[in-house]
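# Chains, contacts and geometry: an overview
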Amino acid sequence: MTHPQLTIVDHPLVQHKLSLMRDIATPGPDFRRLLREISLLLAYEATRHLPLTRRTITTPLTDMQAPMLDGPDPVVVSILRAGNGLLDGVLDVIPTAKVGFIGLYRDEATLKPVQYYCKLPPDLTGRLVIAVDPMLATGNSAAAAVQLIKDAGATDVCLICLLAAPEGVKCLAQAHPDVRIVTASLDSHLNEKGYIVPGLGDAGDRIFSTV
Ligand code: URA
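Here the focus is the site of the ligand. The immediate surroundings of the ligand are formed by Arg106, Met135, Ala137, Gly194, Tyr195, Ile196, Gly201, Asp202 and Ala203. Backbone polar atom of Gly201 to a nitrogen atom of the ligand: 2.8 Å apart, as the coordinates give it. One nitrogen or oxygen atom from the main chain of Ala203 is found 2.7 Å from an oxygen atom belonging to the ligand. Isolated, the ligand exposes 240 Å² of accessible area, and the fraction of that covered by the protein chains is 88%. Class assignment of the residues belonging to the shell around the ligand gives a composition of five nonpolar, two polar and two charged.

What follows is the structure, given as structure tokens:
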């Protein structure tokens, strides 16, 4: 499947770490560390288009016009609870980002998202807003979260996910064609329970050792 807004980060470090994460034998602490490391690398791709300006700085040798980030600080929105597994790695590379949280759980009967929490920074205008959720499965939760983010004024929204299913990409692209998706892998399909195949299981359970 192709979607102009989909970026699959095929960097060898990302792919190696992802394979370790998929392995059922990888213990929770390793899984969490690997997710943090990959999220840093995915954030690198997601922020590639941030504008730069030139400011005068003084090196030990001379003055120079140095490139610096321009515009308001980005915002990172963690889609609870699994999004928290990506949050710290993204903040490692964008330490000045503001942070929001959206609480959605998946109704296991309908696979539709149910909102139970939403706390976003007050001013999203002109900011890059990066939503983070490890698994883009049906896409229903991501589409609902992006809608809340847009309702709060954001116009530049990107989703970082570790894995994407074709069904999730299609759903999000239909609801929000402008939203960029940055992922480490586009997997095969969803199974009858809405899990990504081959996937890595329940990301939240593996991050927080609740299995
Ligand atoms: N959520 C998960 O944690 N894993 C999946 O495979 C799909 C949704």
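On the surface, Tyr105, Tyr116 and Tyr117 cluster together into a nonpolar patch covering about 340 Å² of accessible area. Among the secondary structure elements, Tyr116 is positioned in strand 6 (residues 113-119). A relative accessible area of 47% places Tyr116 in the partly exposed class.

Attention now goes to unusual backbone geometry. Of note, the bond from Leu80 into Arg81 is cis; its omega dihedral lies within 30 degrees of zero at -5°. As for its placement among the helices and strands, Arg81 is situated in the loop between strand 4 (75-80) and helix 3 (84-93). Residue Val197 is joined to Pro198 through a cis peptide bond whose omega torsion reads 5°. Mapped onto the fold, Pro198 is located in the loop between strand 12 (196-197) and helix 6 (203-208). Phi at Ser209 is positive, roughly 55°, even though this residue is not glycine. With respect to the helices and strands, the residue Ser209 is situated in the segment after helix 6.

Contact geometry of helix 4 (residues 140-151) with helix 5 (residues 166-175) gives a least axis separation of 8 Å together with a crossing angle of 25°. Classified by the interaxial angle, the pair formed by helix 4 and helix 5 is roughly parallel. In this structure, helix 4 crosses over helix 5, and the sense of that crossing is right-handed. On helix 5, the residues touching Asn140, Ala142, Ala143 and Val146 of helix 4 are Cys171, Leu172 and Ala175. Its residues assigned to classes, the contact of helix 4 with helix 5 comprises six nonpolar, one polar and no charged.

With that settled, the discussion passes to the side chain of Thr26. Within the element layout of this structure, Thr26 appears in the loop between helix 1 (12-22) and helix 2 (28-46). Looking at Thr26, its side chain comes within polar contact range of the main-chain oxygen of Leu20, at 2.5 Å. Apart from residues lying up to four places away in sequence, Thr26 is in contact with Leu20, Phe31, Leu34 and Arg206.

About the criteria used
- Residues numbered from 1 in each chain as written.
- Predicted model: local features only at pLDDT ≥ 70, side-chain atom pairs only at ≥ 80, totals over all residues.
- Heavy atoms only, no water.
- Near = heavy atom within 4 Å.
- Polar contact = N/O pair within 3.5 Å; in protein donor to acceptor, adjacent residues only side chain to side chain.
- Areas by Shrake-Rupley, 256 points an atom, 1.4 Å probe, with all protein chains shown as cover.
- Nonpolar A, V, L, I, M, F, W, Y, C, P; charged D, E, K, R; others polar.
- Patch = residues over 30% accessible without salt bridge, like charges linked within 9 Å, V, L, I, M, F, W, Y side chains within 5 Å.
- Salt bridge = Lys/Arg side-chain N within 4 Å of Asp/Glu carboxyl O.
- Helix = DSSP H or I, 4+ residues; strand = E, 2+ residues; numbered from the N terminus.
- Buried < 20%, exposed > 50% of the residue type's maximum accessible area, 1.4 Å probe, protein only.
- Axes fitted to C-alpha atoms, helices over the stretch in contact; angles between N-to-C directions.
- Parallel < 35°, antiparallel > 145°, perpendicular 65-115°, else oblique.
- Left-handed = near helix turned anticlockwise from the far one by under 90°.
- Contact = heavy atoms within 4.5 Å.

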